[in-house]
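Structure assessment
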Amino acid sequence: MLNTPPCFSGPPLQRDDAVSSSYYPVLLSNPILQDFRTIKFRVIHSGTVFASATRQNTDTMPERRPFVRLPTDVYPVNYGLCLKPDLIDFTFEGKLEAIVKVNLATNQIVMNCADIDIITASFVPEGGEEINATGFNYQNEDEKVTLSFPSALQKGSGTLKIDFVGELNDKMKGFYRSKYATPAGEIRYAAVTQFEATDARRAFPCWDEPAIKATFDISLIVPKDRVALSNMNVIDRKPHPEDDSLLEVKFATTPIMSTYLVAFVIGEYDFVEGQSSDGVTVRVYTPTGKAEQGKFALEVAVKTLPFYNDYFNVPYPLPKIDLIAIADFAAGAMENWGLVTYRETALLIDPKNSCSSSRQWVALVVGHELAHQWFGNLVTMEWWTHLWLNEGFASWIEYLCVDHCFPDYDIWTQFVSADYTRALDLDALDNSHPIEVNVGHPSEVDEIFDAISYSKGASVIRMLHNYIGDKDFRKGMHSYLLKFQHKNAATEDLWDCLEQASGKPIALVMSSWTKQMGFPIIVVDQEQQGDDRILKISQKKFCASGPHNGEDCPNWMVPISICTGEDPGCTKLKVLLDSPETTITINNISPDQWVKINPGTVGFYRIQYSSAMLEGLLPGIRDLTLLPVDRLGLQNDLFSLSRAGMISTVEVLKLMEAFVNEPNYTVWSDLSCNLGVLSSLLSHTDFHEEIQEFIRDLFTPIGLKLGWECKQGEGHLDALLRGLVLGKLGKAGHKPTLEEARRRFKDHVEGKQILSADLRSPVYLTVLKHGDSATLDTMLKLHKQADMQEEKNRIERVLGAISAPDLIQKVLTFALSEDVRPQDTVSVIGGVAGSSKHGRKAAWKFVKDNWEELHNRYQGGFLISRLIKLSVDGFAIDKMAAEVKSFFESHQAPAAERTVQQCCENILLNAAWLKRDADDIHQYLLKRKAPPV
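Just so you know, these numbers come straight off a predicted model, no measurement behind them. (Residues numbered from 1 in each chain as written. Predicted model: local features only at pLDDT ≥ 70, side-chain atom pairs only at ≥ 80, totals over all residues. Heavy atoms only, no water.)

**Quick notes on the overall build of the chain**
When you go through the chain residue by residue, the secondary structure sums to 26 helices and 29 strands. Scaling as 2.2 N^0.38, a compact globule of 933 residues should have a C-alpha radius of gyration of about 30 Å, and the chain matches this with 28 Å. Along the three orthogonal principal directions, the C-alpha set of the chain runs to about 100 × 65 × 55 Å. Summing over all exposed atoms, the chain offers an accessible surface of approximately 31500 Å²; the carbon and sulfur share of this is 50%. The chain carries 94 positive and 121 negative side-chain charges, and their two centres are separated by 3 Å. (Helix = DSSP H or I, 4+ residues; strand = E, 2+ residues; numbered from the N terminus. Rg over C-alpha atoms; globule rule 2.2 N^0.38 Å. Areas by Shrake-Rupley, 256 points an atom, 1.4 Å probe, with all protein chains shown as cover. Lys, Arg positive; Asp, Glu negative; His and termini not counted. Charge placed at Lys NZ, Arg CZ, Asp CG, Glu CD.)

Given below as structure tokens:
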């Protein structure tokens, strides 16, 4: 699953004007920006266990409810399922005929069931008489039902028959309704599914645990003018005997699979079709009349399937794969086997009206979900504790796939800004959690669909891949998929296969990264002895509040690589740091050569160099001899050290000024993120304008160089950079940028000269930031007229930039209106909170005042966590942490408990940072402006 913005995930992640780990994109129209990864999908949990004991602040840990998995005395072999949805009354009727195996004689069957009413149930032993159930006992809190029978069901096979009814809900989970407009403007509803993690039980009674696999024979009774899709291809279509306006559509038997991967969709769609080079039929389903917008995703999917076939050396096992755009969809996308569902913005590309970042986002999400067809669907985690392996792996390999399809995207550098640094930020908190979290009750499931499962997971797999080497990694992956295909596996099973392939101590190395929270800071000093350089290297746990100085400091098995100024792109030495400290000798190196740890920024750790070593590296930023990914990593490490109070923020501002010649988009994107964090922090002071001036000074040269018009020979990254820089300058009040943005906006609105898609976000942002009520009205009018969801989202994400308090209120009211899709309300409120000090206060008040409606809308989903994070993460006053904590003590949000703790911690960290460095920053910014004496 892909959590949209995250769950919005994807590069380039923009943290503009949102403090610390709040990644709300105010700059680009980048669906990627929205932190999609965190929304990929909900989190998941295991056995009869409680949350991990390695969390540090156990006094504030959410209390875990005891949980028992389903009994194993009866289990399914095949589900025969027929569903008949009513698209007018929003109900559905269902018939289940499941072939089951009774392992142990019993007079009851326990299954998962939620929001479903069972009408009748019976059991037919193989060759025996039908036995009617005498009672249905619903355990609503545990989402289970116990079917009682008058006598014991004997060991052997039989058929369980259940007739039931349910509701097509509006909660974007289970079997639900999704609102759309026909080309003529008529409002209609589709019936669609979202089952991961534990919502198949809302569509039919089932054994809803990933390890209880079975085959499925699905039939749908639907209006004859609607498209009906499921995991497999259609094998029969015939009129319904009782109503000739209905069709009965029967699908082929699925492979053995988990319930959370089952899917069905009934609605009105067009499609485009292609075939991969290995013979799989690929279709992309779009809203009616928009088939053209499916062509880019089709092109990516047709290239991606053979890439994975080749990489895993295991063929895709189904005859077809469908990718479909769903109007109301909470996640970014969901990897249902053979029928992958997407938000419209994660699948549809309009050749004229889609921006470059949207194309990149679609490519990444398609790559992510198709990777799951093998890693997750063919081999499935045994329990939700191992969710990270599914999501971390797919979040890593999506980049490998996009790099293969679009080498000009420089996507691995973007990975560092979008995933790696984001995971480091979150994992430095005391309220982080280990990658592997023991999970129990379904109510816990949403909590860990976060940047640790996705982004830290992807980052440690990238580090592992680098440590093993591609050849042995692929060999181990092939062995793992073959050994466990159509079965379930745990994290340790993958480590075993990779260990056998590489001969390296994988389980030992990786357990230090997955089973304990956090990561190390590597402290480095050097001494020249003749022609040799002696490096003293030590590790200790890095914390957002400063280095860990406790007695019980954890250690990691850290793969360390080293390069030198002689050849910055080549690793000179590799060691495995398996102790608190070590000494390394580099031979034949002259005293004037710099030494860099972690080339490629692959190892998952921060680095603190001695002053002399850092001084030696700085020229490599100015003259660009350091690789872009290393320039980015160096700056990001120092920024993080300043927030932790280990160096002065002034040192980072001085470093940032060295980037004046920087040409690389991703390096600028990360700089922009960090300056946005700083700008948000300083909005709590009376010198906010001074940091805007610093931003204008830093970004003006690159802005002048790029200009407004696309030049011949420019590519994807130039378009991304132009949008980033112009948006940054416009927001910071750069007068020439503001004037040009207003001129172009006027021409766009009047239809004289339509803005190119890549310029829309920066222009919209700029005119709104410095606009009035007329500007806002015009923008809302553009929103209403927009036919494409990407354009609506682009506008929604920047509306919060408006400055006047009464207009901010208008935007917040708009967020809950019918004009905004339920999953996008969070983006609008987040945009308000991330844009100004007043916006932050207004958004938090709005969330409190409308809590009941918002919580009811998102319930246990990850969107509620995202909403809380975006609303409060930017505060920097101690008392706000107390206020937030107090509010959520009286307004329970179980799925967001950890998020609330993280937000309170971030607020306290921001407040400490401000107290510590505000005066020095102010003095430095004033000194910069002072005329030379």
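Don't stop here, the text continues.
**Thoughts on the sheet that holds strand β3 (residues 106-112)**
Spatially, the 3 strands line up as an open sheet ordered β3-β7-β6, and their pairing is antiparallel. Strands with a single pairing partner mark the edges of an open sheet, and in this sheet they are β3 and β6 (135-139). Neighbour-to-neighbour, the strand axes of this sheet turn through a mean angle of 25 degrees, independent of strand direction. Here β3 runs beside strand β7 (residues 144-153); their pairing, made up of 6 bridges, is antiparallel. (Pairing = 2+ DSSP bridges. Axes fitted to C-alpha atoms, helices over the stretch in contact; angles between N-to-C directions.)

**Here we look at the pairing of β6**
With 5 bridges joining them, β6 and β7 adopt antiparallel strand pairing. Bridging across to β7, Phe-136 finds its partner in Leu-147.

**Structural notes on the UniProt feature "binding site: Zn(2+)" (unreviewed entry) in the chain**
Sites flagged by UniProt as "binding site: Zn(2+)" (unreviewed entry) map to His-368, His-372 and Glu-391. The greatest C-alpha distance among the annotated residues, which extend across 24 residues, is 8.6 Å, indicating that they converge on a single site. Tracing the backbone shows His-372 in helix α3 (residues 356-372). The topology assignment puts Glu-391 in helix α4 (residues 387-405). Its relative accessible area of 0% is what places Glu-391 among the buried residues. Side-chain polar atoms of Glu-391 contact the backbone nitrogen of Met-1, separated by 3.0 Å. (UniProt positions renumbered as here; feature names shortened; annotations may be inferred. Buried < 20%, exposed > 50% of the residue type's maximum accessible area, 1.4 Å probe, protein only. Polar contact = N/O pair within 3.5 Å; in protein donor to acceptor, adjacent residues only side chain to side chain.)

**Let's talk about unusual backbone geometry**
With omega at 10 degrees, the peptide bond leading from Glu-196 into Ala-197 counts as cis. Note on placement: Ala-197 falls in the loop between β10 (187-194) and β11 (215-223). One non-glycine residue, Asp-410, adopts positive backbone phi at about 45 degrees. Along the chain, Asp-410 turns up in the loop between α4 and α5 (411-427). Residue classification places Asp-410 among the partly exposed residues on the basis of a relative accessible area of 25%. The backbone of His-486 shows a phi angle near 65 degrees, a positive value even though the residue is not glycine. Along the chain, His-486 falls in the loop between α7 (470-484) and β22 (487-489).

**What to know about the sheet that holds strand β23 (residues 520-529)**
Read from one edge to the other, the open sheet built from 4 strands follows the order β27-β24-β23-β29, with strand pairing classed as mixed. Each edge of the sheet is formed by a strand with only one pairing partner; in this case those strands are β27 (581-586) and β29 (606-609). Across the sheet, the axes of successive neighbouring strands diverge by a mean angle of 25 degrees, strand direction being ignored. Alignment of β23 against strand β24 (residues 532-541), held across 10 bridges, turns out to be antiparallel. Pairing of Asp-525 across the sheet is with Lys-536, part of β24. Helix α10 (residues 611-622) contacts β23, β24 and β29 of the sheet and is inclined by roughly 105 degrees relative to β29. (Contact = heavy atoms within 4.5 Å.)

**What about the confidence of the model for the chain?**
Averaged over all residues, the pLDDT of the chain is 90; the fraction at 70 or higher stands at 92%. Here residues 4-62 scores under 50 on pLDDT; set against residues more than four positions off or in separate chains, the count is 355 contacts. (pLDDT = per-residue confidence, 0-100.)

**Structural notes on a nonpolar patch on the surface**
A cluster of nonpolar residues, Tyr-75, Val-77 and Ile-99, forms a patch on the protein surface that exposes about 230 Å² of accessible area. Inspection of the secondary structure puts Ile-99 in strand β2 (residues 91-102). On the basis of relative accessibility, which here comes to 40%, the residue Ile-99 falls in the partly exposed class. (Patch = residues over 30% accessible without salt bridge, like charges linked within 9 Å, V, L, I, M, F, W, Y side chains within 5 Å. Salt bridge = Lys/Arg side-chain N within 4 Å of Asp/Glu carboxyl O.)

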